[in-house]
Amino acid sequence: MKTYGRYPVVPVKGEGCRLWDADGKEYLDFLGGVAVNNLGHCHPKVVAALQKQAAELIHCSNYYHIPQQIELAELLCNHSFADKAFFCNSGAEANEAAIKLARKYSRDTFGPERYEIITAADSFHGRTMATVSATGQEKVQRFFDPLLHGFKHVPFNDVAALEAAVTPTTCAIMLEPIQGEGGVNMPSPGYFQAVREICDRHGLLLIFDEVQVGMGRTGKLFAYEHFDVAPDIMTLAKALAGGAPIGTMLAKDKYAVAFVPGTHGSTFGGNPLVCAAAIATVRTILEDGLLNRCEEIGEYLTGELETLGKKYPFVKEVRGVGLMIGMSLSITGAEIVKKGHDRGVLLNVTHDTVLRFVPALIVTRQEIDAMIAILDGILAEVKA
Ligand code: PLP
């Protein structure tokens, strides 16, 4: 179905930050499968883990114990606030699980009147009905009425609006630590501390959607580590298994116990194949120094984009952290992205006017320099 406005590019092979199309044309990839290919394309450790696991056992039911799932859960919990993990297949499903867990815990603890979840304007949480209802963007929601009851949206970074939105029916606050699809929007200093305080005072769960910004993207394994505030529930997907489809919802024990046999599930969720890929991915991020590397190379890319931006009056701001970087424009970015394809660089625009740079954490200075030179040429044309 025509679900995507696809570009005329047919990638057939990838390695590191490069892709090749069916005609052999090479592309520098600064989209990274939309923040999925944090290790680059076909990282040898992920490929080896997939090949080995595929030859041993691809799938078995969650009616049985899956050692790879246990190992992955331990790895994620040992490096985060969380005690337990639930595995599924995508970011939207991870958020569905978070919404269900927050509601179930709140119902068990406070009664059925407490079910509402507050999220932010310009947020993005997925394309299923519950996550579309959670998403704070009209363009994602329109055509799909009636939306799921029990979501309320407030402006991001507005503590007073959040405080005013809390009622006796509120059970949770769900936020992206940095808004991705909404235009790479950074939290104001102190925002998440204030959010945490509101949650604690009202007994609300704090859910962080780290589907896009988790797994080293910001130079820390999880973005919340930048803000000295831990959530009660966190969702991950995208980069978690190096390109294999997976999602997870992590939670503290106190909340995780609300899920019991029969309350939630997924046929494929956390099967041996995808968990093997995820274990290899997480280990590689941690053991190959990629968090430090992301911080360093992210500063370099940000600096280069800032220098470039000064040349063009329609570049408003460069913002972000690590390799989660947005360049906001006073013009729409679609033409820039199109010209990028013609010149062999995969660029991306989000929220119409924000060029988003989410390359692999292994991107090199040379690759950045090459992309900047091409982007410079494109911006000069646009200016003219
Ligand atoms: N949450 C965030 C913050 C996202 O950026 C996305 C996808 O872009 C999702 C959820 C949905 O993830 P998926 O497309 O894997 O369902």
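Keep in mind that what you see is a predicted model, and the values were worked out from it rather than measured.

S.K.: Would you explain the site of the ligand in this entry?
M.R.: Around the ligand there are 13 residues in total, and G91, A92, D209, Q212 and K238 lie nearest to it. With respect to the ligand, the side chain of D209 contributes an N or O atom lying 2.7 Å from a nitrogen atom. Take Q212: an N or O atom from its side chain is 2.7 Å from an oxygen atom of the ligand. Out of a free accessible area of 390 Å², the ligand has 81% covered by protein chains. Of the residues belonging to the shell around the ligand, the class tally is three nonpolar, six polar and four charged.

S.K.: Please explain the layout of surface pockets as it appears in this structure.
M.R.: The gaps of empty space that remain are located by a probe, the size of a water molecule, rolled over the atoms. Taken as a whole, the second largest pocket holds about 1,000 Å³ of empty space. What lines the second largest pocket is a set of 33 residues, and nearest its centre among them are N62, Q69, A85, F86 and F87. Put simply, the parts of the chain that give the lining of the second largest pocket at least two residues each are α3 (67–78), β4 (84–88), β10 (247–251) and α9 (253–256).

S.K.: How should I be thinking about the packing of aromatic side chains in this particular structure?
M.R.: Any aromatic ring pair is given by two values, namely how distant the centres are and how the planes are angled relative to each other. Summed over the entire model, instances satisfying the criterion amount to 10 aromatic pairs. Here Y105 and Y255 contribute two aromatic rings whose centre-to-centre distance is 4.7 Å and whose plane-to-plane angle is 75°, an arrangement assigned as edge-to-face. Here the residue Y105 occupies a position in helix α4 (residues 91–110), and Y255 occupies one in helix α9, the gap between them amounting to 150 residues. Arranged with centres 5.0 Å apart and planes meeting at 70°, the rings of F192 and F208 form a pair that is edge-to-face.

S.K.: Would you explain the sheet that holds β10 in this entry?
M.R.: Pairing between the strands of a sheet comes from backbone hydrogen bonds, and it takes one of two forms, parallel or antiparallel. Reading across from one edge, β4-β10-β9-β8-β7-β5-β6 is the order of the seven strands in this open sheet, with mixed pairing throughout. The sheet terminates laterally at β4 and β6 (151–154), the two strands that pair on one side only. Adjacent strand axes in the sheet meet at a mean angle of 20°, parallel and antiparallel pairs treated alike. As defined by bridge partners, strand β7 (residues 170–175) adjoins strand β8 (residues 205–209) across four bridges and the pair is classed as parallel. Looking at β8, one finds that A172 is bridged to L205. Contacts between α3 and the sheet are confined to β4, β9 (233–236) and β10, with β4 contributing the most and set at about 125° to the helix.

S.K.: Whenever I open this one, the domain arrangement of the protein chain confuses me. Can you help?
M.R.: By a frequent convention, interface size equals the accessible area lost on bringing the separate parts together. For the protein chain, the assigned domains read domain 1 (11–30 + 290–383) and domain 2 (44–287). Facing the 19 residues of domain 1 at the interface are 25 residues of domain 2. Both faces considered, domain 1 and domain 2 share a buried interface measuring about 1,700 Å² in area, 60% of it formed by carbon and sulfur atoms. Among the residues domain 1 hides against domain 2, the three largest losses belong to L291, M324 and H351. Together they make up 39% of the total. Residue R356 pairs with E181 through a salt bridge whose shortest N-O separation is 2.6 Å. Run the count over domain 1 and domain 2 and you get nine residue pairs in polar contact (both at pLDDT 80 or more). Of all elements in the fold, only α11 (290–310), β11 (315–321), β12 (324–329) and β15 (354–357) reach the threshold of two or more residues within the side of domain 1 that touches domain 2. Here the side of domain 1 that touches domain 2 takes four residues from α11, the largest share from any one element.

S.K.: Whenever I open this one, the pattern of salt bridges confuses me. Can you help?
M.R.: Think of it this way: side chains of opposite charge can pair up when their charged atoms draw near. One pass over the full model with this rule turns up 20 salt bridges. A salt bridge links R196 to D200; its shortest N-O distance comes to 2.9 Å. One end of the pair, R196, and the other, D200, are both in helix α8 (residues 191–202), four residues apart, so they sit about a helical turn from each other. For R196, a relative accessible area of 13% translates into the label buried. Each of R196, D200, D232 and K252 takes part in a single network of salt bridges with overlapping partners.

The rules behind each value
Residues numbered from 1 in each chain as written. Predicted model: local features only at pLDDT ≥ 70, side-chain atom pairs only at ≥ 80, totals over all residues. Heavy atoms only, no water. Near = heavy atom within 4 Å. Polar contact = N/O pair within 3.5 Å; in protein donor to acceptor, adjacent residues only side chain to side chain. Areas by Shrake-Rupley, 256 points an atom, 1.4 Å probe, with all protein chains shown as cover. Nonpolar A, V, L, I, M, F, W, Y, C, P; charged D, E, K, R; others polar. 1 Å grid on protein atoms, 1.4 Å probe; cavity = no way out; pocket = protein on both sides within 12 Å on 5 of 7 lines; lining within 4 Å. Points joined across faces, edges and corners; volume = space filled by probe spheres on them. Helix = DSSP H or I, 4+ residues; strand = E, 2+ residues; numbered from the N terminus. Phe/Tyr/Trp six-rings, centres within 6.5 Å; stacked < 30°, edge-to-face > 60°. Pairing = 2+ DSSP bridges. Axes fitted to C-alpha atoms, helices over the stretch in contact; angles between N-to-C directions. Contact = heavy atoms within 4.5 Å. Domains from an automatic or database assignment. Buried area = accessible area lost by both parts, 1.4 Å probe. Salt bridge = Lys/Arg side-chain N within 4 Å of Asp/Glu carboxyl O. Buried < 20%, exposed > 50% of the residue type's maximum accessible area, 1.4 Å probe, protein only.

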